[in-house]
Amino acid sequence: MYNNPLLIGERINVVTKVQRKAMEDRDKGPIQEMAVKQVEFGANMLDMNIGPVEDDPERMPWLCEIVHEVAKVPLSLDTTNPKAMEMGLQHYNDAHGKALINSCSGEAKRLEAFMPLAAKYKCNIIGLTLAGVGLPPDAETRASLAVDIMTKAAELGVPMESIYLDPLAMTVKGNQDQSRFVVDAIKMFQSMNEPPMHSLVGLSNVVNMTPASMKPLLTAVYWTILREAGLSGAIVDVNDEKFMAVIKGEDIRKVFPAEHVDKTIRMFKGEIMFADSFLEL
C-alpha cells in the first residue's frame, strides 16, 4: 500500500497571483519554473488549475504544452469548463502518462459533462463525492455518491481503475467531524470493487485557516492516517519539507515531536477537540 503514492503538485494554480498573471500574459517562465521545482521535490503528477476561464478556454492546451516542455510527468487538468477541459485533452501528450480529469462529481450535470470525456480520451478522472449544495453529512453518503459515479462510468465504458474517488477532505478547523468521515469513506471505497477503488484528497484543504506552524504536522499525520485507510494519493504541497520527509519514509515521530504526533492522532480521531492551541493544552 505504501509503494508509489500519487503525489500531485498543487502550485500551478490560478488563485496564486504570480501564476494567474503568467497564465493571463502567456508567460511560460514562472509556470515552467514551478513545474520543474515541484517535480524535483517529489511530485509525480502536476495539477493545472486554470479555474472556469469562460473567456479563455485555450489556456488549458497552452498550459499543458509548456509544462510538458520541462516536466515529463502526467498532468491533472483542473477546470470546471468542459470546453477548456476537452481542448486540453485534445492536445495532451500521452507519452508522459495518462491525463487526469479534475474533476467530476456525483452531480448529474457534472457527470454528464465530464465522464464522457474520460471515455472518449481514455484518461483517468477524479470523482468528487459531492452533489447539490453542502457537504455530505457522513461517510455513508459519500459512499452512495461514489456508487453513482461508478455507475455512470460503467455505462460509458470507463474502467473502474481509471476513477479516483475523492471523499472531500475539509479543514479541521470548524469541520473536525469531517476528518473522521473522510477516513471512514476511504475504507468503504476499498470494499466497493475488486481490486479496490483508487482514492485521493486535496490534502492542503485540511489545514486551511490553521496556524502556519502547525500545518506540516497536521498534514503529515492526516496523510499517515489516510494512507492506512487505503488512500492512493493526494494533491499536495511538495514544497513542505517535513511533510515530504515523512512521505519519503522518515519516522514521523522523529520528524516531529512524538508527543505532538500522538496528540494530533487523537485529535483526528475526535478524542480531543481541535483548537489553535490544542498541542499546548
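So, here's what we can say about the structure. If you're wondering where the values come from, they're calculated on a predicted model, not measured in any experiment. (Residues numbered from 1 in each chain as written. Predicted model: local features only at pLDDT ≥ 70, side-chain atom pairs only at ≥ 80, totals over all residues. Heavy atoms only, no water.)

### Overview of the packing of aromatic side chains
Under the convention used in this document: For this analysis, a ring pair means two rings from Phe, Tyr or Trp (six-membered ring only for Trp) whose centres lie within 6.5 Å, classed as stacked if their planes differ by under 30 degrees, edge-to-face if by over 60, and tilted for the remaining angles. Secondary structure counts use DSSP, requiring at least four H or I residues in a row for a helix and at least two E residues in a row for a strand, with both numbered from the N terminus. Exposure classes here rest on a 1.4 Å probe applied to the protein chains alone. A residue is buried below 20% of its type maximum, exposed above 50%, and partly exposed in between. Geometrically, a charge over a ring is one whose NZ (Lys) or CZ (Arg) sits within 6 Å of the ring centre while staying within 35 degrees of the ring normal.
According to the stated counting rule, one finds three aromatic pairs in the structure shown. Between the aromatic rings of Y222 and F268, the centroid separation amounts to 4.5 Å while the plane-to-plane angle is 25 degrees, which identifies the pairing as stacked. Residue Y222 is found in helix α8 (residues 215-229), and its partner F268 is found in helix α11 (residues 258-268); the two are separated by 46 residues along the sequence. For Y222, a relative accessible area of 1% gives the class buried. The ring centre of W62 lies 5.3 Å from the NZ or CZ of R26, which sits over that ring.

### Here we look at the packing of helix α1 (residues 17-25) against helix α3 (residues 59-68)
Selection rule: Helix axes are fitted only over the stretch in contact, all axes being lines through C-alpha atoms; the angle between N-to-C directions runs from 0 to 180 degrees. Oblique is the label for any angle not under 35 degrees, not over 145, and not in the 65 to 115 range, which are roughly parallel, roughly antiparallel and roughly perpendicular in turn. Contacts between residues were defined by any pair of non-hydrogen atoms, one from each residue, lying within 4.5 Å. Polar here means any residue other than Ala, Val, Leu, Ile, Met, Phe, Trp, Tyr, Cys and Pro, which are nonpolar, and Asp, Glu, Lys and Arg, which are charged; Gly is therefore polar.
Put simply, α1 and α3 touch, their axes get as near as 10 Å, and they point 105 degrees apart. Classified by the interaxial angle, the pair formed by α1 and α3 is roughly perpendicular. Counted together, A22, M23 and E24 of α1 and R59, W62 and L63 of α3 form the full contact between these two elements. Classifying every residue of the contact of α1 with α3 by side-chain character gives four nonpolar, no polar and two charged.

### Some points on α11
Owing to its 3.6 residues per turn, the α-helix aligns residues three or four sequence positions apart on the same side. Every buried residue belonging to α11 is among V261, K263, T264, M267 and F268, and all of these are buried. Against α7 (176-190), α8 and α10 (252-255) lie the buried residues of α11. Downstream of α11 by one or two residues, G270 has phi in the positive range, about 90 degrees.

### Overview of the packing of α1 against helix α2 (residues 28-41)
α2 packs onto α1 with a crossing angle of 130 degrees between their chain directions and a minimal axis gap of 7 Å. Classified by the angle their axes make, α1 and α2 are oblique. Mapping the contact onto sequence places V18, Q19, A22 and M23 in α1 and P30, I31 and M34 in α2. Counted by class, the contact of α1 with α2 contains six nonpolar, one polar and no charged residues.

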